[in-house]
Amino acid sequence: MECEWKPDQQGLQQILQLLKESQSPDTSMQRSVQQRLEQLNQYPDFNNYLIFVLTKLKTEDEPTRSLSGLILKNNVKAHYQNFPNGVCDFIKNECLQSIGDSSPLIRATVGILITTIASKGELQNWPELLPKLCLLLDSEDYNTCEGAFGALQKICEDSAEILDSDMLDRPLNILIPKFLQFFRHSSPKIRSHAIACVNQFIICRTQALMLHIDPFIENLFALATDEEPEVRKNVCRALVMLLEVRLDRLLPHMHNIIEYMLQRTQDPDENVALEACEFWLTLAEQPVCKEVLSGHLSQLTPVLVNGMRYSEIDIILLKGDIEEDETVPDNEQDIRPRFHRSRTVAQHHEGESIEEDEDDEDELDDTISDWNLRKCSAAALDVLANVFRDDLLVHLLPLLKELIFHSDWIVKESGVLVLGAIAEGCMQGMITYLPELIPHLIQFLSDKKALVRSITCWTLSRYAHWVVSQPPDTYLKPLMTELLQRILDSNKRVQEAACSAFATLEEEACTELVPYLAFILDTLVFAFSKYQHKNLLILYDAIGTLADSVGHHLNKQEYIQMLMPPLIQKWNQLKDEDKDLFPLLECLSSIATALQSGFLPYCEPVYQRCVNLVQKTLAQAMLHQSQPDQYDPPDKDFMIVALDLLSGLAEGLGETIEHLVARSNVLTLLYQCMQDKMPEVRQSSFALLGDLTKASFQHVKPCIADFMPILGRNLNPELISVCNNATWAIGEISIQMGPEMQPYIAIVLQQLVEIINRPNTPKTLLENTAITIGRLGYVCPQEVAPMLQQFIRPWCTSLRNIRDNEEKDSAFRGICTMISVNPGGVVQDFIFFCDAVASWVNPKDDLKDMFYKILHGFKNQVGEDNWKRFSDQFPMPLKERLATFYGV
């Protein structure tokens, strides 16, 4: 046993001095403290001093002692494997001796230190830790018991996986029954720790807990009305998780649990109410929801609706009493990072507007970014509306009338939020009331309270689909006029809500907006001069969505003159390192695609800058790879957004981009991007490759031998978007290559056939795969036709729903050519081929002729009687179409 370590007085004074200075608000002081701490880490016993201050130096004030422990925790995180053995043992012993310190702050700090050491893989190397803490739980001394429990709770949170593995001889078999004993402890703090510890093991269905599931649930029920909010909160949290993993055990008690959760959702403590409110969100996902909850809807509905009011704290946080703030610059910390959605190539379907992104859930007013009771109640009402549909309206309508016309703006505001929350689920039932309701909501857009104006923007956007389905003068025009005024509101939150709502309206209305373009652009351009930083970013999105929605109608000189100067001015102000480039580049990409030739005057500088951004990012990545200590990794989003804008240019400008491609090294860069390890980079590279193949193939062709093997390696359907874009690019290349595609068929065909036969493959990927197989067969029928039987059925079913277009045309020519090479391959699935042929509205004459020949050839082959028997299986519409168009 080494002799007891003692601090040197002078060293101790030095460290105390540092700890004091580090609490100073002055940043330069902070920096110098940081440097000296780094230097002190060179001394092997520096950490002994830190633990000594934390556990032994009772003369010092608690914040200083705690800080010493937190610095030690950071050292453990960073350098624990380099601590000398003696130091580790000294720290561990001190921790276990001080876990019962009389100060809650010191106990908590020691607990954090213990769990940090434990999670550095030291649970295995500290075998006495868990038994010792377990023993301390039984201590008569409250501080010791609470300290040990606090440490155990942190270990359960940080190391749940390891605790439930064979590595440690399954300590949970002892710990969980032990924790359960403490559910009835006299101290609320201890009861709360005990539930929190067990709660860590519900979601992963830990065996040791499942064995004791019934006593666990009984104990929870016993604590259901505990006077301590923290205990009630943990009980609610446990029940919400059990709902997901052990519904079978809760079902017998479901009636009482629902009654209990109704009480808790109205708990005076908001944290408890929020945990309880999560119960309804989770229940809505369970198939039994309808059955167990129907009888309680009349009680639940008013509870959720009441929870949707702003609390007084919300209003203070939201500065809800400040009506005009448009001239106040934004706090940069408030601007959340945006995520760029990389380009995905998709087909257009019969009778749909711009594709709706499934993942683009309209956020319930994300005014306060933190999850709170209001948001949780609104989200619960939203999902329950989707479960119960119009059965929910019965309970809501009487409440709604009162809320919406209430004299107190806070109540009225919550009523508007309710209307928005149920828009999706209760749409059918709401239709009767909308003609009367929408004009009222449009009036609320000019309410004197900014928070009412902003929520009304959101709610109206949830009904945009219906508004657009009515004659435009009735609701669309008045709604658009008011929303445009709100885009210029003097309150920033309203500006933001109006811009987002307008973007949704644009997606729904599409070309219905063309008559109002001048008026819309006027407003959006004026907003440019008015907006602070955060809302500018949302404005770009509204402009980009407008371009996507009206397409080539934007290509008028007067519109271009209005729109481009302010965008180009921003473009020139922003540096290459500025993340504000992302939304601006996305916006320009939409505009370039819409304007087509109208974008030519702006094309060259935009093209150059995008190529530079890609080049810079790749160079930075190389530096980081060769010298990771010297160079940070680049933010690859710059490269992704730039690749996507280049795609937009290639798509919009077609062959006129040729001279720019000729004078740049874009294909060399593309070769590197296609091999990047980040999937989103590859996804955007393949989209650009396809667009360049269409726009200026003469520059792509020399690289095909290098590109094709890379494309073949990326046909992995686990990465849906990468696979989708690679597949599409292969199809575009084959059309350009013609018969010269032959050497590459073997690299890709087998994988494409596997993908088209895979269950649960997303629609977009199936369609693109079918088109590419068809195109390969069109240019190299001898190579592809032998496999016809392996793909003809899924091929036909995936292409029957897409609109007539060039891609569908070339794919069907390919199928017809392959059928003529290998007619036997289609015999068993001929009915599917007939159905796919009938999906054409007006095929070109020569394609129609190919269809005619195949249908009649088959009919003549099998004879009149057999054909009649065969065609009698057809559904009526199919029979009629084939008879009308092809005379069979």
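If you're wondering where the values come from, they're calculated on a predicted model, not measured in any experiment.

**Some words on the overall build of the protein**
Within the protein one finds 50 helices and 0 strands. For the protein, with 888 residues in total, the buried portion stands at 56%. Per element, the accessible surface of the protein, about 39,400 Å² overall, is 51% carbon and sulfur. Across the protein, 77 positive and 123 negative side-chain charges occur, with their mean positions spaced 1 Å apart.

**Description of the packing of aromatic side chains**
According to the stated counting rule, one finds 23 aromatic pairs in the structure shown. Arranged with centres 6.2 Å apart and planes meeting at 20 degrees, the rings of tyrosine 671 and phenylalanine 707 form a pair that is stacked. Remark: phenylalanine 707 occurs in helix α40 (residues 704-713) and tyrosine 671 occurs in helix α37 (residues 666-673); sequence separation between them is 36 residues. You can call tyrosine 671 partly exposed: its relative accessible area is 32%. Judged by centre distance (5.5 Å) and plane angle (55 degrees), the ring pair of tryptophan 867 and phenylalanine 870 falls under tilted. Highlighted residues: tryptophan 867 and phenylalanine 870, both in helix α49 (residues 864-871), separated by 3 residues, approximately one helical turn. Classification of tryptophan 867 as buried rests on a relative accessible area of 4%.

**Considering the nonpolar core**
One finds Trp280 and Phe599 to be the most contacted residues of the largest nonpolar core, which totals 314 residues. In terms of residue count, the dominant contributor to this core is helix α35 (residues 637-653) (11 residues). When residues no more than four places from it in sequence are discounted, the contact partners of tryptophan 280 are Ile258, Met261, Leu262, Thr265, Leu293, Leu300, Leu304, Ala380 and Leu384.

**With respect to the packing of helix α1 (residues 9-21) against helix α3 (residues 46-55)**
Packing of α1 against α3 brings their axes to within 11 Å, and their N-to-C directions diverge by 70 degrees. Judged by the angle between their axes, α1 and α3 are roughly perpendicular. Our pair here, α1 against α3, has a crossing hand that is right-handed. In this structure, α1 contributes Gly11, Leu12, Ile15, Leu16 and Leu19 to the contact, and α3 contributes Phe46, Tyr49, Leu50, Phe52 and Val53. Residues of the contact of α1 with α3, tallied by class, amount to 9 nonpolar, 1 polar and no charged.

**Concerning the side chain of arginine 232**
Following the sequence through the fold, arginine 232 ends up in helix α14 (residues 229-245). Using a relative accessible area of 10% as the deciding quantity, one classes arginine 232 as buried. Leaving out residues up to four positions away in the same chain, arginine 232 has contacts with Ala224, Asp226, Glu227, Arg264, Asp267, Asp269 and Val272.

**Some words on unusual backbone geometry**
Look at arginine 205: it is not a glycine, yet its phi comes out positive at around 50 degrees. Residue placement: arginine 205 occurs in the loop between α11 (188-199) and α12 (207-211). Taking relative accessible area as the criterion, arginine 205 reaches 47% and is therefore assigned partly exposed. For asparagine 760, which is not glycine, the phi dihedral falls at a positive 60 degrees. Assignment of secondary structure puts asparagine 760 in the loop between α42 (745-756) and α43 (763-779). Residue classification places asparagine 760 among the exposed residues on the basis of a relative accessible area of 78%.

**Considerations on the environment of glycine 544**
For glycine 544, the location among the structural elements is in helix α31 (residues 533-550). On the basis of relative accessible area, glycine 544 is assigned to the buried category, the value being 5%. The contact partners of glycine 544, leaving out residues within four places of it in the chain, are Cys587 and Ser590.

**Let's talk about the side chain of aspartate 382**
Secondary-structure assignment places aspartate 382 in helix α21 (residues 373-388). Side chain to side chain, aspartate 382 and arginine 462 meet in a polar contact 3.5 Å long. Sequence-distant contacts of aspartate 382, that is, excluding residues within four places in its chain, are made with Ala421, Glu424 and Arg462.

**Focus on the pattern of salt bridges**
With the rule as written, the count across this model stands at 39 salt bridges. A salt bridge links lysine 178 to aspartate 138; its shortest N-O distance comes to 2.6 Å. One end of the pair, lysine 178, is in helix α10 (residues 172-181); the other, aspartate 138, is in the loop between α7 (129-137) and α8 (142-158), and 40 residues separate them in sequence. Taking relative accessible area as the criterion, lysine 178 reaches 13% and is therefore assigned buried. Each of the salt bridges in this network shares a partner with another, and the network as a whole consists of Arg453, Glu482, Arg486 and Asp489.

**Re helix α38 (residues 679-695)**
Three or four residues apart is the spacing at which side chains of an α-helix point the same way, because the helix has 3.6 residues per turn. Taking 1.5 Å of rise per residue, the 17 residues of α38 would be expected to cover 24 Å, and the 24 Å separating its terminal C-alpha atoms lies within 8% of that figure. Within α38, 14 of the 17 residues are buried, which leaves it mostly tucked inside the rest of the structure.

**Comments concerning the confidence of the model for the protein**
On average, residues of the protein carry a pLDDT of 89, and 96% of them reach 70 or more. In the predicted structure, residues 351-368 sits below a pLDDT of 50 and forms 36 contacts with residues beyond four places in sequence or in another chain.

**Remarks on the environment of cysteine 834**
Mapped onto the elements, cysteine 834 comes out in helix α47 (residues 830-838). Residues cysteine 834 and phenylalanine 388 lie 446 residues apart in sequence; the distance between their C-alpha atoms is 41 Å.

**Comments concerning the packing of α14 against helix α16 (residues 254-264)**
Relative to each other, α14 and α16 sit at 135 degrees, their axes nearing to 12 Å. With respect to each other, α14 and α16 are oriented oblique. Between α14 and α16 lies a crossing of left-handed hand. Residues Arg232, Val235, Cys236, Leu239 and Leu243 of α14 touch α16, and the partners they reach there are Met254, Tyr260, Met261 and Arg264. Along the lines of polarity and charge, the residues of the contact of α14 with α16 split into 7 nonpolar, no polar and 2 charged.

**Things to note about the environment of glycine 863**
Structurally, glycine 863 is set in the loop between α48 (845-862) and α49. Classification of glycine 863 by relative accessible area gives partly exposed; the value is 24%. Residues glycine 863 and tyrosine 852 lie 11 residues apart in sequence; the distance between their C-alpha atoms is 16 Å.

**A look at helix α28 (residues 476-487)**
In this model α28 runs 16 Å from its N-terminal to its C-terminal C-alpha over 12 residues, within 8% of the 16 Å that 1.5 Å per residue would give. Of the residues making up α28, those classed as buried are Leu476, Leu479, Met480, Glu482, Leu483, Leu484, Arg486 and Ile487.

**Concerning the state of the cysteines**
As enumerated under the stated definition, the model contains 0 disulfides in all. For cysteine 145, which is in no disulfide, the shortest distance to another cysteine sulfur is to cysteine 197 and amounts to 11 Å. What makes cysteine 145 buried here is its relative accessible area of 3%. For the unlinked cysteine cysteine 204, the closest cysteine sulfur is that of cysteine 156, found at 10 Å.

Definitions and cut-offs
- Residues numbered from 1 in each chain as written.
- Predicted model: local features only at pLDDT ≥ 70, side-chain atom pairs only at ≥ 80, totals over all residues.
- Heavy atoms only, no water.
- Helix = DSSP H or I, 4+ residues; strand = E, 2+ residues; numbered from the N terminus.
- Buried < 20%, exposed > 50% of the residue type's maximum accessible area, 1.4 Å probe, protein only.
- Areas by Shrake-Rupley, 256 points an atom, 1.4 Å probe, with all protein chains shown as cover.
- Lys, Arg positive; Asp, Glu negative; His and termini not counted.
- Charge placed at Lys NZ, Arg CZ, Asp CG, Glu CD.
- Phe/Tyr/Trp six-rings, centres within 6.5 Å; stacked < 30°, edge-to-face > 60°.
- Core = buried A, V, L, I, M, F, W, Y, C linked by side-chain atoms within 4.5 Å.
- Contact = heavy atoms within 4.5 Å.
- Axes fitted to C-alpha atoms, helices over the stretch in contact; angles between N-to-C directions.
- Parallel < 35°, antiparallel > 145°, perpendicular 65-115°, else oblique.
- Left-handed = near helix turned anticlockwise from the far one by under 90°.
- Nonpolar A, V, L, I, M, F, W, Y, C, P; charged D, E, K, R; others polar.
- Polar contact = N/O pair within 3.5 Å; in protein donor to acceptor, adjacent residues only side chain to side chain.
- Salt bridge = Lys/Arg side-chain N within 4 Å of Asp/Glu carboxyl O.
- Expected span 1.5 Å × (residues − 1).
- pLDDT = per-residue confidence, 0-100.
- Disulfide = S-S within 2.5 Å.

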